[in-house]
Amino acid sequence: KQRVLSGIQPTGDYHLGNYLGAIRNWVEGQNEYENYLFVADLHAITVPHEPKQLASDTYTLVALYLACGLDLTHSTIFVQSHVSAHSELTWLLNCITPLNWLQDMIQFKEKAVKQGENVSVGLLDYPVLMTSDILLYQADKVPVGEDQKQHLELTRDIAARFNHLFAKDQPVLKLPDPLIRKEGARVMSLADGTRKMSKSDPSELSRINLLDTPEQIQYKIKRCKTDPIRGLTFDDPERPECNNLLTLYTLLSGKTKEEVAVECQDMGWGQFKPLLTETTINALKPIQEKYQAITDDKTYIESVLRDGREKAQAIANQTLSQVKAALGYLAPV
Ligand code: TYM
């Protein structure tokens, strides 16, 4: 079986973008692959963070992975900081990664502008840590949203460079392929159809979170940005909000784009919004129920993470040893 690897940062609100761009695709493809899915808590401190929140945000995300339908017969779930090989490989790869490759990353430039003078070395190094996450598991496929595409190109470049410099005869690192589903790859903000839905947007109204109550969902959809045009259509560049809301409806209802195009072509917003509200509430309901059922079972979650850590460590340490050998390190005795 081919191997899949992916992760999410434990920073606060898990929203429909994370679900439709990532988690849902992991779940849908899980029988086909051997899956390694983790909580990227080392990435979470690349920008200033709240220590009091980190552990509970991590725990919540693990419970959500399970609530969304990840099945332990196909998937290994673990926490990045529990497997020290991630940090260690990052150092080794840092030393073969040209500085300008990192300075050119779009997300770095965007986040660096926001951080002003507080830009850490870690923020610059973020894509090398992500590269280590992927290469340690010799992943074939990395299912992510559109915003991670450039990071995956960098991962391939670093792997190829390592193999070229240190493992010419027999490659040590596998070059992964991104798995980016067209629909849902870029869920947009409810407040502005030209910006992506994001955990870091200061406005709560810009996103729908997986754990929002029906009342919150209803309120957010009621207040979301629309336009004054009657009749709803996909793919009109003048109507980014319309396209985004129709796409959400399509993905959450399970209908096809063609069906939704016909269903909504004569609708006004007053008719569409309640429909989207009801569909969203119904789509999230089973996830929320399952989440409630498992989140208090600390023993269970801990056992998932203990197993996950052991399985992940076994594979990660093997790759790490191969990398060290290729670099010429004296083996530990
Ligand atoms: P993060 O935590 O920002 O986002 C987690 C996943 O959700 C996707 N996503 C979206 N998809 C569609 N529309 C949106 N508005 C939207 N917002 C977020 C992201 O593309 C991602 O798939 N660096 C990664 C975490 C990471 C990782 C990895 C991923 C660390 N190491 C190794 C894959 C492999 C991140 O910050 O994602």
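Only a predicted model underlies this, so the values are computations on that prediction, with no experimental measurement involved.

## As for the environment of Thr-155
By the element assignment, Thr-155 lies in helix H7 (residues 149-166). Sequence separation between Thr-155 and Gln-138 is 17 residues, and the spatial gap between their C-alpha atoms is 12 Å. Other than its neighbours up to four places away in sequence, Thr-155 contacts Met-130, Thr-131, Ile-134, Leu-135 and Pro-176.

## Re the domain arrangement of the chain
By convention, interface size is frequently given as the accessible area that disappears when the constituent parts associate. Partitioning the chain into structural domains gives domain 1 (3-180 + 298-327) and domain 2 (204-293). For domain 1 and domain 2, the distance between their C-alpha centroids amounts to 30 Å. Of all elements in the fold, only helix H1 (16-29) and helix H2 (51-67) reach the threshold of two or more residues within the side of domain 1 that touches domain 2. For the side of domain 1 that touches domain 2, the per-class residue count stands at eight nonpolar, one polar and one charged.

## Structural notes on the site of the ligand
Close contacts around the ligand come from 24 residues, with Gln-9, Gly-17, Gly-21, Val-144 and Gly-145 the closest. In terms of residue class, the shell around the ligand is made up of 11 nonpolar, nine polar and four charged.

## Section: the pairing of strand S1 (residues 3-8)
Consecutive side chains along a regular strand alternate between the two faces of the sheet. Judged by how many residues are buried, S1 sits mostly within the fold: five of six residues are covered. Looking at chain direction, S1 and strand S2 (residues 34-39) are connected through six bridges and run parallel. The residue bridging Leu-5 from the neighbouring strand is Tyr-36, located in S2. Handedness of the crossover joining S1 and S2 through H1: right-handed.

## Considering helix H9 (residues 240-253)
Owing to its 3.6 residues per turn, the α-helix brings residues three or four apart onto one side. When the terminal C-alpha atoms of H9 are compared, their 20 Å separation across 14 residues agrees well with the 20 Å that a helix rising 1.5 Å per residue should span. Regarding H9, the residues found buried are Cys-242, Asn-244, Leu-245, Leu-246, Thr-247, Leu-248, Thr-250, Leu-251 and Leu-252. Looking at the buried positions of H9, the neighbouring elements they touch are H1, helix H10 (257-264) and helix H11 (269-295). Backbone geometry just after H9 places Gly-254 at a positive phi near 80 degrees.

## Considering unusual backbone geometry
Look at Gln-138: it is not a glycine, yet its phi comes out positive at around 50 degrees. Unusually for a residue other than glycine, Asp-235 sits at a positive phi of about 60 degrees. Among the secondary structure elements, Asp-235 is positioned in the loop between helix H8 (214-223) and H9. With 11 C-beta atoms packed within 10 Å, Asp-235 lands in the exposed category.

## Observations regarding the packing of helix H5 (residues 106-115) against helix H6 (residues 121-136)
Relative orientation of the contacting elements H5 and H6 amounts to 165 degrees, with a least axis distance of 10 Å. The orientation of H5 relative to H6 falls into the category roughly antiparallel. Handedness of the crossing formed by H5 with H6: right-handed. Of the residues in H6, those touching H5 at Phe-108, Lys-111, Ala-112 and Gln-115 are Leu-123, Leu-124 and Tyr-126.

## Section: the nonpolar core
Core analysis: the largest hydrophobic core is formed by 77 residues, its most contacted members being Val-62, Leu-64 and Tyr-65. For this core, the element with the most residues is H6, which contributes eight residues. Residue assignment places this core across two domains, with domain 1 (3-180 + 298-327) and domain 2 (204-293) each supplying three or more.

## A few points about the packing of H9 against H10
In the contact formed by H9 and H10, the axes pass within 10 Å of each other and the chain directions differ by 125 degrees. With respect to each other, H9 and H10 are oriented oblique. For the pair H9 and H10, the sense of crossing is right-handed. In this structure, H9 uses Leu-246, Tyr-249 and Thr-250 to contact H10, whose residues at the interface are Lys-257, Val-260 and Cys-264. Its residues assigned to classes, the contact of H9 with H10 comprises four nonpolar, one polar and one charged.

## A short note on helix H3 (residues 85-94)
By the burial criterion, the buried members of H3 are Ala-85, His-86, Leu-89, Thr-90 and Leu-93. Mapping the buried residues of H3 onto a view down its axis gives an arc of 135 degrees, with all of them on the same face. Summarising the contacts, the buried residues of H3 are in contact with H6, H7 and helix H12 (298-327).

## Focus: the UniProt feature "binding site: L-tryptophan" (unreviewed entry) in the chain
Look at the UniProt record and you will see "binding site: L-tryptophan" (unreviewed entry) annotated at Asp-133. Mapping Asp-133 onto the fold places it in helix H6. We classify Asp-133 as buried; it has 27 C-beta atoms within 10 Å. The contacts of Asp-133, once residues within four sequence positions are left out, are Leu-5, Gly-7, Gln-80 and His-86.

## As for the pairing of strand S3 (residues 75-79)
Counting buried positions along S3 gives five out of five residues, so the element sits mostly inside the fold. Burial of S3 is two-sided: the residues Ser-75, Ile-77 and Val-79 facing one way and the residues Thr-76 and Phe-78 facing the other way are all buried. In this sheet, S3 lies alongside S2 in parallel orientation, the contact comprising five bridges. Its bridge partner lying in S3, Val-39 is registered against Val-79. On the question of chirality, the crossover connecting S2 to the parallel S3 by way of H2 is right-handed.

Rules used in this analysis
Residues numbered from 1 in each chain as written. Predicted model: local features only at pLDDT ≥ 70, side-chain atom pairs only at ≥ 80, totals over all residues. Helix = DSSP H or I, 4+ residues; strand = E, 2+ residues; numbered from the N terminus. Contact = placed C-beta atoms within 7 Å. Domains from an automatic or database assignment. Nonpolar A, V, L, I, M, F, W, Y, C, P; charged D, E, K, R; others polar. Near = placed C-beta within 6 Å. Buried ≥ 20, exposed ≤ 12 C-beta atoms within 10 Å, placed from the backbone. Pairing = 2+ DSSP bridges. Right-handed = clockwise from strand over helix to strand, strands pointing away. Expected span 1.5 Å × (residues − 1). Axes fitted to C-alpha atoms, helices over the stretch in contact; angles between N-to-C directions. Parallel < 35°, antiparallel > 145°, perpendicular 65-115°, else oblique. Left-handed = near helix turned anticlockwise from the far one by under 90°. Core = buried A, V, L, I, M, F, W, Y, C linked by C-beta atoms within 7 Å. Arc of directions from axis to C-beta. UniProt positions renumbered as here; feature names shortened; annotations may be inferred.

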